[in-house]
Amino acid sequence: MAGTAETTGTTGPDVTTRPDVTDVIVVGAGPAGLMLAGELRLGGARVTLLERLPEPTGQSRGLGFTARAMEVFDQRGLLPRFGQGPSLEVSPLGHFGGVQFDYTALEDAHFGARGIPQNQTEAVLEAWAGELGADIRRGWQVTDIAEGFLDGDHVEVTARTPHGVRRLRAAYLVGCDGGQSSIRKAAGFDFPGLPATRTMYLADVVGCGLKPRFLGERLPNGMVMAAPLGEGVDRIIVCPHGVPAHERDDDITFAEVAAAWRHITGEDISAGSAQWVSSFSDATRQADTYRRGRVLLAGDAAHIHLPAGGQGLSTGVQDAANLGWKLAATVCGTAPAGLLDTYHAERHPVGQRLLMNTRAQGIVFLGGEQSDPLRALFTELIAHDEVKRHLAGIVSHLDIHYDMTPPGTKSLPSPHPLPSPHPLLGRRLPKRPLTGADGESDTARLLHPARGILLDLTDNPALRAAAAPWTDRIHTITATAKPSEGTTDVLTDLDALLIRPDGHVAWTSQDTPAGLTTALTHWFGPKRAS
């Protein structure tokens, strides 16, 4: 036994002798797990998603997502499913640690989609994954991971289900089961970091008549936030000073939240009620690795932090978009050697940066009187456009950059100086309009099937011929970039570019044609035999 996911015993009939078999088991039906299930199906992998809860709770800790997460949803054609068409309501104004500034200092940036409850995001993703054929099983709680996942050819789990104890076997297991991840614990991942120093509260309250405090109000006894959700319902966050961190085994009560609110604001909301209440902390931890053998982690199972700007949900969605196509190619037998290892190599640094910026925001915003000088300094610095652009890139996640240099090519000598890499290389491709043989399109729409794209912008038959041995894994699209009003035309100086299924640019025509062959082989495997 590698580890148990919980200490309580199982009930029901004996474990079935023959396990269910699939390609990938995903544990946890939050945004990361559901996004991953859909990505795996788009890549052709069989996926079984296990969720311990029999039904969604209806609770919604998150209320939106970042600009980059919004782009990821757009890349899969999901934005219209949120009920507001392709242009979700976004705000140009945001904050860093409560210091407000205009995110449009960075092109294509905004504070993200607001007012989208997490339960709606989960419903959208669950419907999408189900339509694609993901096997979603609710009321299934993993209780054990069998030994052998580190060096064997499969991973096997035991689960307590409404039908008794069952076993499942897959090539890989992914824990997307939140900050208290039972998969992370059972598979023996280290989870170093900083323990919680304070307890805070979150609730949707009814009949309290609260004034909006969208960016929060700092008072001597703590900080409170309030935002109307409609129908007399307000989302509140209550961060009292001096409340020590502690593990909560019991349910938080509305009376406890109301008392904390009154302690900070002097307002009595006890005559109201709560649809739900919860607590959270400022604990900051990250798994030392995102993969141990055939077990991987994504979302909050891999990193926990102070909630700030919807970054937790959004980072989990991006973890899934990065991992999904790589894991699908691996189980389907088309992945090049080492492709799955690039998941940790690319996403672990992103998680480190996430923890850095949320810790910094917590110190600036929640540090009390002793942090006043730091807040004053941030206010001065944010007046500078360069600082605005830097912070907007961090919180919107539009500044993420992956190293696209294939191993073994970094130190090769060259008789001629090579040009500097194009600024897009390794970064996400912004949404830009295109005109092709099939009419009007855009760069996001090309990615709906979650396949690699060779975008030929100059109708170059030699380029298309070079990519022909990979057309079973990528699409070659010939199109012309259209000017986009109000944005920099990032495609004007390019003849072509290779885009990964997650929307990041893996090669540009600023490199050599031989570089295209190297990039195709590195990311999509050997060329097809003729």
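What counts, and at which threshold
Residues numbered from 1 in each chain as written. Predicted model: local features only at pLDDT ≥ 70, side-chain atom pairs only at ≥ 80, totals over all residues. Heavy atoms only, no water. Helix = DSSP H or I, 4+ residues; strand = E, 2+ residues; numbered from the N terminus. Rg over C-alpha atoms; globule rule 2.2 N^0.38 Å. Buried < 20%, exposed > 50% of the residue type's maximum accessible area, 1.4 Å probe, protein only. Contact = heavy atoms within 4.5 Å. Areas by Shrake-Rupley, 256 points an atom, 1.4 Å probe, with all protein chains shown as cover. Pairing = 2+ DSSP bridges. Axes fitted to C-alpha atoms, helices over the stretch in contact; angles between N-to-C directions. pLDDT = per-residue confidence, 0-100. Patch = residues over 30% accessible without salt bridge, like charges linked within 9 Å, V, L, I, M, F, W, Y side chains within 5 Å. Salt bridge = Lys/Arg side-chain N within 4 Å of Asp/Glu carboxyl O. Phe/Tyr/Trp six-rings, centres within 6.5 Å; stacked < 30°, edge-to-face > 60°. Lys NZ or Arg CZ within 6 Å of the ring centre and 35° of its normal. Parallel < 35°, antiparallel > 145°, perpendicular 65-115°, else oblique. Nonpolar A, V, L, I, M, F, W, Y, C, P; charged D, E, K, R; others polar. Right-handed = clockwise from strand over helix to strand, strands pointing away. Disulfide = S-S within 2.5 Å. Polar contact = N/O pair within 3.5 Å; in protein donor to acceptor, adjacent residues only side chain to side chain.

## Considering the overall build of the protein
The helix and strand inventory of the protein stands at 11 helices and 29 strands. Relative to the globule expectation of 24 Å for 530 residues, the C-alpha radius of gyration of the protein, 24 Å, shows essentially globular dimensions. Seen along its three principal axes, the alpha-carbon backbone of the protein occupies a region of about 75 × 65 × 45 Å. Taken over 530 residues, the protein has a buried fraction of 52%. Restricting the contact set of the protein to residue pairs at least 6 apart, pairs at least 24 apart contribute 71%. Taken as a whole, the protein presents about 22900 Å² of accessible surface, with 52% of it coming from carbon and sulfur.

## Some thoughts on the sheet that holds strand β9 (residues 135–138)
Strand order in the open sheet formed by 6 strands is β9-β4-β3-β13-β22-β21, with mixed pairing between adjacent strands. Two strands bound the open sheet, and with one partner strand each, they are β9 and β21 (291–292). Pairing geometry for β21 and strand β22 (residues 295–297), over 2 bridges, is antiparallel. Residue Arg291 lies in a different strand from β22, and its bridge partner there is Leu296. In this fold helix α1 (residues 31–42) packs onto β3 (24–27), β4 (47–51), β9 and β13 (172–175), with an angle of close to 170° to the strand it touches most, β4.

## What about the confidence of the model for the protein?
The share of residues in the protein with pLDDT of 70 or more is 91%, and the mean pLDDT across the chain is 88. Within the model, the stretch residues 6–13 combines pLDDT values under 50 with 16 contacts to residues more than four positions away or in other chains.

## Thoughts on a nonpolar patch on the surface
On the surface, a nonpolar cluster with roughly 310 Å² of combined accessible area is contributed by Ile363, Leu374, Leu377 and Leu381. Inspection of the secondary structure assignment puts Leu377 in helix α8 (residues 372–381).

## Some thoughts on the sheet that holds strand β15 (residues 199–206)
Strand order in the open sheet made by the 5 strands is β16-β17-β18-β15-β19, with antiparallel pairing throughout. Looking at strand neighbours, the two that pair on one side only are β16 (213–219) and β19 (273–281), the edges of this open sheet. This sheet shows a mean twist of 15° between the axes of neighbouring strands, independent of strand direction. Sheet topology note: the β15/β19 ladder contains 8 bridges and is antiparallel. Residue pairing across strands places Ala203 opposite Val277, the latter belonging to β19. In the packing of helix α7 (residues 341–366) onto the sheet, contacts are made with β15, β16, β17 (222–230) and β18 (233–240), and the angle to β16 comes to roughly 55°.

## Quick look at the packing of aromatic side chains
For the structure shown, the criterion picks out 8 aromatic pairs. Each ring, one from Tyr290 and one from Tyr343, has its centre 5.7 Å from the other, and the planes form 45°; the classification is tilted. Remark: Tyr343 occurs in helix α7 and Tyr290 occurs in the loop between β20 (284–286) and β21; sequence separation between them is 53 residues. For the residue pair Tyr290 and Tyr343, the accessibility class agrees, reading buried in each case. The cationic tip of Arg137 hangs over the ring face of Trp140; the distance from NZ or CZ to the ring centre is 4.8 Å. For the cation-ring pair, Arg500 lies above Trp523, with the distance from its terminal atom to the ring centre recorded as 4.5 Å.

## Points about the packing of α7 against α8
For the pair α7 and α8, the least separation of the axes is 8 Å and the interaxial angle reads 110°. Judged by the inter-axis angle, α7 sits roughly perpendicular to α8. Contact with α7, carried on its side by Ile363, Val364 and Phe365, involves Leu374, Arg375 and Phe378 of α8 and no other residues of that element. Tallied by class, residues from the contact of α7 with α8 come to 5 nonpolar, no polar and 1 charged.

## Things to note about the pattern of salt bridges
This model, assessed by the stated rule, comprises 30 salt bridges. Between Asp442 and Arg445 there is a salt bridge whose closest N-O contact spans 3.5 Å. Note on Asp442: relative accessible area 10%, which makes it buried. The class for Arg445 is partly exposed, based on a relative accessible area of 44%. Among the salt bridges present, the one from Asp472 reaches Arg528, with a minimum N-O distance of 3.3 Å. One end of the pair, Asp472, is in the loop between α10 (461–467) and β27 (474–481); the other, Arg528, is in the segment after α11 (513–524), and 56 residues separate them in sequence. Owing to a relative accessible area of 37%, Asp472 belongs among the partly exposed residues under this scheme. Arg528 gets classed as partly exposed once you look at its relative accessible area, which sits at 38%.

## Some words on the pairing of β3
Residues Val24 and Val26 point to one face of β3 and Ile25 and Val27 to the other, with burial holding for every one of them. Where β3 meets β4, 4 bridges bridge the pair, whose relative direction is parallel. Bridging from a neighbouring strand, Ile25 pairs with Thr48 of β4. Each parallel crossover has a hand, and for β3 linked through α1 to β4 it is right-handed.

## Considerations on the state of the cysteines
Across all of its chains, the model carries 0 disulfides by this definition. Left without a disulfide partner, Cys208 is nearest to the cysteine sulfur of Cys239, which lies 17 Å away. Cys176 provides the cysteine sulfur closest to Cys332, a residue in no disulfide bond, and the two sulfurs are 18 Å apart. On the basis of relative accessible area, Cys332 is assigned to the partly exposed category, the value being 36%.

## Notes on the side chain of Asp204
Inspection of the secondary structure puts Asp204 in strand β15. Within the local environment of Asp204, its side chain forms a polar contact with the side chain of Arg235, the two groups lying 2.4 Å apart. Residues in contact with Asp204, not counting those within four places in the same chain, are Leu229, Val233, Asp234, Arg235, Ser273, Ala274, Gln275 and Trp276.

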